[in-house]
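Examining the three-dimensional arrangement
Next come the chains, spelled out residue by residue.
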Amino acid sequence: MNQKQFERMKNADGFIAALDQSGGSTPKALRLYGVNEDRYSNDEEMFNLVHEMRKRIIKSPAFNSQKILAAILFKITMNSKIDGKYTSDYLWDEKGIVPILKVDEGLAELKDGVQLMKEMKSLDELLINAKERNIFGTKMRSLIKEYNESGIKAVVEQQFDYAKKIIAKGFVPIIEPEVDINSSDKEKIEEFLHKELKKHMEKLDKNSFVIFKLTIPSRENTYLDLYDFENTLRIVALSGGYSREMANDLLRKNKKMVASFSRALSEGLKESLSDEEFNSLIENSIDAIYDASVNK
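Remember, it's a predicted structure, so these values are computed and weren't measured experimentally. (Residues numbered from 1 in each chain as written. Predicted model: local features only at pLDDT ≥ 70, side-chain atom pairs only at ≥ 80, totals over all residues. Heavy atoms only, no water.)

1. Here we look at the overall build of the protein chain
Threshold: Starting at the N terminus, helices and strands are each numbered in turn, a helix being any DSSP run of H or I of at least four residues and a strand any DSSP run of E of at least two. We take the radius of gyration over the C-alpha atoms and set the globule estimate at 2.2 Å times the residue count to the 0.38 power. Buried means the residue's accessible area, taken with a 1.4 Å probe over protein chains only, is under 20% of the maximum for its type, while exposed means over 50%, and partly exposed covers the values in between. Contacts were defined at the residue level, with two residues in contact if any of their heavy atoms lie within 4.5 Å.
A count of helical and extended segments in the protein chain gives 11 helices and 11 strands. Since a compact globule built from 296 residues should have a radius of gyration of about 19 Å, the 18 Å found for the protein chain is in line with a globular shape. With the C-alpha coordinates of the protein chain rotated into their principal frame, the extents come out at 50 × 40 × 40 Å. When each of the 296 residues of the protein chain is scored for burial, the buried share is 54%. For the protein chain, long-range pairs separated by at least 24 residues make up 71% of all intrachain contacts whose partners lie at least 6 apart in sequence.

See below:
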């Protein structure tokens, strides 16, 4: 593990930029960017276009270590290059931003009110690749849609089972059991999820570090006491479908929780914008998310 990156993730101010749209979410991300399906005819062309979008974001002067701690990448982005360097090396060497890799293979079908992660059949191979690319940590997402205790328990158990495997390979995993913001039982789900997360943290080896990526809770500071565990490196928030303004407003109410936004970060960015317009817009977005993350 890179100790400088570890100290940065633990102590520095800033937020995590999520640039990890995968096969299922890439078409929507491109549409929002102004690139429609008629611009590509296969996955390779699609991923080339989204890499150009991500590259434009990363190379923007505003995308720097003063306000951004880390960036989450998709496998293809990790193995693509910016100015002759692999994206992960470019982030750290040129920007001072910690590279993190999305490792899950998408969501399984809804069962017991939740969507577990699909079995990660290629995890060992992917982590070998991540080690070659100097990746610091990983991210994996589940989804909780309804209040179902057995379903929520299954989500947390699966997250921690994979987290332990990832830790054993020398990475810091981001545990992301997202709660659907539209659930009628959102607060009740979060209360039970909080208890389950604590139970598993109590059993985790003290030298096994994790980051939590969680839906901004309905009850302020629901997850704050997860910091009572020394191996909680960070607690970060996903935007979960909220607009950037709404996500920032809710985030401000939660102490020591910083953003890890994807769509909310890139909101309003278009391929057609001039570089001046693009850089101004991303700077305003970064400034607003940073302010909501640290000024509380």
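2. Structural notes on the packing of aromatic side chains
We apply this condition: Stacked, tilted and edge-to-face pairs are distinguished by plane angle, under 30 degrees for stacked and over 60 for edge-to-face with tilted covering the rest, among Phe, Tyr and Trp rings (Trp via its six-membered ring) whose centres lie within 6.5 Å. Sitting over a ring, as applied to charges here, requires NZ of Lys or CZ of Arg to be within 6 Å of the ring centre and within 35 degrees of the ring normal.
Applying the stated criterion across every chain yields a total of four aromatic pairs. Where Y147 meets F192, the ring centres are 6.1 Å apart and the plane angle is 80 degrees; that geometry is what we call edge-to-face. Of this pair, Y147 sits in the loop between β7 (137–144) and α7 (149–168) while F192 sits in helix α8 (residues 186–203), and the two are 45 residues apart along the sequence. Overall, Y147 belongs to the partly exposed group, its relative accessible area being 25%. F192 gets classed as buried once you look at its relative accessible area, which sits at 11%. Sitting above the plane of the F171 ring, K131 keeps its charged end 4.5 Å from the centroid. In this arrangement the basic side chain of K188 is found over the ring face of Y147, its NZ or CZ atom lying 4.4 Å from the centre.

3. Quick word on helix α11 (residues 275–294)
Selection rule: Here a helix's expected span is defined as the number of its residues, less one, multiplied by 1.5 Å. Here, the arc refers to the directions that run from the helix axis to the C-beta atoms.
In this model α11 runs 28 Å from its N-terminal to its C-terminal C-alpha over 20 residues, within 8% of the 28 Å that 1.5 Å per residue would give. Every buried residue belonging to α11 is among F278, I282, S285, I286, I289, Y290, A292 and S293, and all of these are buried. Within α11, the buried residues cover an arc of 165 degrees as seen down the axis, which keeps them to one side. In this structure, the buried residues of α11 make contact with β1 (15–19), α3 (43–59), β2 (68–73), α9 (244–251), β11 (257–261) and α10 (263–266).

4. Thoughts on unusual backbone geometry
With a phi close to 60 degrees, N134 is a non-glycine residue in the positive phi region. Look at N221: it is not a glycine, yet its phi comes out positive at around 65 degrees. Among the residues examined, N221 registers a relative accessible area of 23% and is labelled partly exposed.

5. What about the pattern of salt bridges?
Convention followed: Basic side-chain nitrogens of Lys or Arg form a salt bridge, by our definition, when they fall within 4 Å of a carboxyl oxygen of Asp or Glu.
Taken as a whole, this structure holds 19 salt bridges when the rule is applied. One salt bridge connects D20 with K139, and the closest N-O pair in it is separated by 2.9 Å. Of the two residues, D20 is situated in the loop between β1 and α2 (26–32) and K139 in strand β7; the sequence distance between them amounts to 119 residues. The two residues D20 and K139 agree in class, both being buried. For the salt bridge of E196 with K199, the shortest nitrogen-to-oxygen distance reads 3.2 Å. Of the two residues, E196 and K199 both sit in helix α8, three residues apart, roughly one turn of that helix. What makes E196 buried here is its relative accessible area of 5%. Sharing partners across several salt bridges, the network here consists of D20, K139 and E176.

6. Considering the environment of P173
The residue P173 is located in strand β8 (residues 172–179) in this model. With relative accessibility at 0%, the residue P173 sits in the buried group. A sequence separation of 113 residues divides P173 from I286, and the C-alpha atoms of the two residues are 24 Å apart. Each residue touching P173, except ones within four places of it in the same chain, is listed here: T138, M140, A163, I166, I167, F209, V210 and I211.

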